[in-house]
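Chain and residue survey
Now for the letters of each chain:
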Amino acid sequence: QGTGISLGGLTQDTSAPVEVVANELQVNQTDGQATFIGDVLVTQGDMKLSADRILVDYATGGAQGRIEKLTANGSVTLITPEEAAESRAATYVIDTGEVVMTGDVLLTQGDTALAGEKLTINLETGTGQMSGRVRTVFQTKSGQ
Amino acid sequence: MSMSQPRHFDNRHSRWVARLKILFPLIAVILLSTMFLFSDKRDQGSSLPFSEIEIDRILTEGRVAKPSYTGVGSNGAAINLSAAEAWPNAEGPYTIEANEIAGEWDGVSGNPIALTAKTGRLLERQNQLRLTGGVLVRDSHGYLIEGETLLVDLTTLDLTSDQDIIGFGPPGRIDAGGLKVTRVQGTPLVIFTNGVRVLYQPATAGRETDK
């Protein structure tokens with residue numbers, strides 16, 4: 001059960017360069033965990049993902065230096081050319097182009113907005129699915 | 001005016017004066033002695049920079065080959081550095097110059113971080129060691145950081161650079177406005193500070209990069 005959504009003609013090239021900007025990058029010397037902290041903004045092609053903190057998980061075993069997943073926490077927003085989505089947390093698997101947003105998710109497309117608990121988006125195919133108490137929220141003219 | 005001091009005074013004022021004449025000097029002596037107790041801050045925390053003998057050798061012989069410096073920081077980190085040569089700086093007795101610095105910063109948990117720099121200036125007064133010239137910081141997680149200066153706080157043994165640095169690591173190239181190597185609640189951290197930008201190239205990531 002979930003509401004399928006299509007993202008306005010978005011076809012993201014998941015091999016496009018990814019730029020990450022933040023206040024700080026902390027590398028834990030005990031386990032090598034890298035964490036971007038403070039106004040973190042990830043940009044890849046037409047997609048922008050921002051959050052308070054983003055953890056970087058590298059592909060294990062595989063060639064060192066391959067990022068497998070980004071885990072974002074704290075006022076997460078995902079901006080694509082025609083959509084904006086907010087949530088408390090999100091994960092982004094770069095190779096597959098899959099973004100999963102969880103926790104008070106609100107997806108805004110033009111005038112309509114969809115709220116739910118979990119939003120899964122595939123940036124490559126431009127398709128997605130909202131699940132968990134999905135409800136449509138009509139933006140009143142005064143709301144942005 | 002009789003020279004010998006009469007023992008008993010008929011008024012309160014003179015009696016008080018006599019007492020204070022004893023009391024005030026006593027207080028002065030006490031104050032003076034305690035002052036010496038607190039005045040020497042230098043050898044709290046880390047061990048003396050350059051061991052006692054090395055300093056004497058540097059100051060007497062002027063130049064010392066292969067000096068080494070070891071220290072333990074107040075937050076638990078340890079450092080050991082060696083140099084090709086060290087000599088007293090003409091300006092001040094408390095400044096020692098050295099060249100070809102190499103060594104390690106050890107955060108205790110996790111592997112040590114390798115440090116190299118062309119020159120070092122030990123400012124004992126500010127309890128600081130300033131590494132300059134082609135500074136390289138390499139950790140055991142594949143991060144290599146290049147900068148112009150790196151300050152070693154000889155009390156906490158935190159390493160900081162507040163100048164732009166370039167890093168190469170698993171996520172790709174890292175540009176930052178500064179660097180800090182420290183221990184927070186027992187965990188050693190390398191922190192790129194003052195604004196960070198990383199460019200990750202998924203297409204080429206994972207292939208053997210030249211760095």
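Residues numbered from 1 in each chain as written. Chains lettered and ligands numbered in written order. Predicted model: local features only at pLDDT ≥ 70, side-chain atom pairs only at ≥ 80, totals over all residues. Heavy atoms only, no water.

**Describing the overall build of chain A**
Looking only at helices and strands, chain A has zero helices and 11 strands in total. Ordering the α and β elements of chain A from the N terminus gives β-β-β-β-β-β-β-β-β-β-β. On C-alpha atoms alone, chain A measures out to a radius of gyration of 15 Å, which is about the 15 Å that the 2.2 N^0.38 rule sets for 144 residues. With respect to the principal axes defined by its C-alpha atoms, chain A has extents near 50 × 25 × 25 Å. By residue count, 44% of the 144 residues in chain A fall in the buried class. Within chain A, counting contacts between residues at least 6 apart in sequence, those at least 24 apart form 38% of the total. As displayed, chain A offers around 6700 Å² of accessible surface, 51% of which is attributable to carbon and sulfur atoms. (Helix = DSSP H or I, 4+ residues; strand = E, 2+ residues; numbered from the N terminus. Rg over C-alpha atoms; globule rule 2.2 N^0.38 Å. Buried < 20%, exposed > 50% of the residue type's maximum accessible area, 1.4 Å probe, protein only. Contact = heavy atoms within 4.5 Å. Areas by Shrake-Rupley, 256 points an atom, 1.4 Å probe, with all protein chains shown as cover.)

**Topic: the pairing of strand β11 (residues 172-184) of chain B**
Residue and element names in this part refer to chain B. Alignment of strand β9 (residues 159-161) against β11, held across three bridges, turns out to be antiparallel. Its bridge partner lying in β11, L159 is registered against V181. Pairing of strand β10 (residues 165-169) with β11 involves five bridges; the strand directions are antiparallel. In the sheet register, I165 faces β11, and the bridge partner there is A176. Linking β10 to β11, which pair antiparallel, is a turn of two residues. Across 11 bridges, β11 lies against strand β12 (residues 187-200) in antiparallel orientation. (Pairing = 2+ DSSP bridges.)

**Here's the deal with the interface of chain A and chain B**
Where interface size is given, it is often the accessible area lost as the parts come together that is meant. Contact with chain A, which involves 29 residues of that partner, is made by 31 residues of chain B. In total, chain A and chain B occlude about 2400 Å² of area from one another, counting both sides; carbon and sulfur atoms represent 55% of this. The three residues of chain A that bury the most area against chain B are L25, V27 and Q29 of chain A, which together make up 26% of that side's buried surface. Our enumeration of links across chain A and chain B arrives at one salt bridge. With its nearest N and O atoms 2.6 Å apart, the salt bridge here joins E19 of chain A to R197 of chain B. Counting every contact that joins chain A to chain B gives 13 residue pairs in polar contact (both at pLDDT 80 or more). Looking at the side of chain A that touches chain B, the elements with two or more residues in it are β2 (18-22), β3 (24-28) and β4 (34-44) of chain A. (Buried area = accessible area lost by both parts, 1.4 Å probe. Salt bridge = Lys/Arg side-chain N within 4 Å of Asp/Glu carboxyl O. Polar contact = N/O pair within 3.5 Å; in protein donor to acceptor, adjacent residues only side chain to side chain.)

**A short note on the environment of R130 of chain B**
Along the chain, R130 of chain B turns up in strand β7 (residues 128-138). Residues in contact with R130 of chain B, not counting those within four places in the same chain, are T119, G120, R121, L123, L150 and L151 of chain B.

**Things to note about the side chain of E83 of chain A**
Residue and element names in this part refer to chain A. Note on placement: E83 falls in strand β7 (residues 83-93). Here E83 sits buried without a salt bridge, and the closest side chain of opposite charge, K48, lies 14 Å off (N-O distance). A distance of 2.6 Å separates the side chain of E83 from the side chain of T80, its partner in a polar contact. Side chain to side chain, E83 and Q109 meet in a polar contact 3.5 Å long. Apart from the residues lying within four places of it in its own chain, the contact partners of E83 are S6, L7, G8, L78, L107, T108 and Q109. (Lys, Arg positive; Asp, Glu negative; His and termini not counted.)

**Here's the deal with the pairing of strand β3 (residues 78-82) of chain B**
All names here are of chain B. Alternating positions in β3 separate cleanly, I79 and L81 being buried on one face and A78, N80 and S82 remaining unburied on the opposite face. Inspection of the sheet shows β3 paired to strand β5 (residues 95-106) by five bridges, in the antiparallel sense. Along β5, the bridge assignment pairs I79 with W105.

**Section: the side chain of D158 of chain B**
Residue and element names in this part refer to chain B. With respect to the helices, strands and loops of the structure, D158 is situated in the loop between β8 (144-153) and β9. Looking at D158, the relative accessible area reads 12%, which means it is buried. Here the side chain of D158 touches T182 through a polar contact of 2.8 Å, side chain to side chain.

**Section: the nonpolar core**
Within the largest apolar cluster, 72 residues are counted, with the highest numbers of intra-cluster contacts made by F36 of chain A together with F192 of chain B. If we skip the residues at most four places from it in the chain, F36 of chain A touches V20, A22, E24, L25, D52, R53, I54 and V56 of chain A together with V196 and V198 of chain B. (Core = buried A, V, L, I, M, F, W, Y, C linked by side-chain atoms within 4.5 Å.)

**Let's talk about the packing of aromatic side chains**
All names here are of chain B. This model, assessed by the stated rule, comprises one aromatic pair over all chains. Plain terms: the ring middles of Y143 and F192 are 6.2 Å apart, the flat faces sit at 45 degrees to each other, and that makes the pair tilted. With Y143 in the loop between β7 and β8 and F192 in strand β12, this pair connects stretches of sequence that are 49 residues apart. We classify Y143 as buried; its relative accessible area is 1%. Taking the relative accessible area as the measure of exposure, F192 reaches 0% and is therefore buried. It is R19 that lies over the ring of W16; its NZ or CZ is 4.9 Å from the centre. Note that R63 overlies the ring of W87, its terminal NZ or CZ placed 4.5 Å from the centroid. (Phe/Tyr/Trp six-rings, centres within 6.5 Å; stacked < 30°, edge-to-face > 60°. Lys NZ or Arg CZ within 6 Å of the ring centre and 35° of its normal.)

**Description of unusual backbone geometry**
In the Ramachandran plot, R133 of chain A falls in the positive-phi region, its phi being about 50 degrees despite a non-glycine side chain. Positionally, R133 of chain A belongs in the loop between β10 (127-131) and β11 (135-138). Of note in the backbone geometry, N194 of chain B takes a positive phi value of approximately 55 degrees without being a glycine. The class for N194 of chain B is exposed, based on a relative accessible area of 54%.

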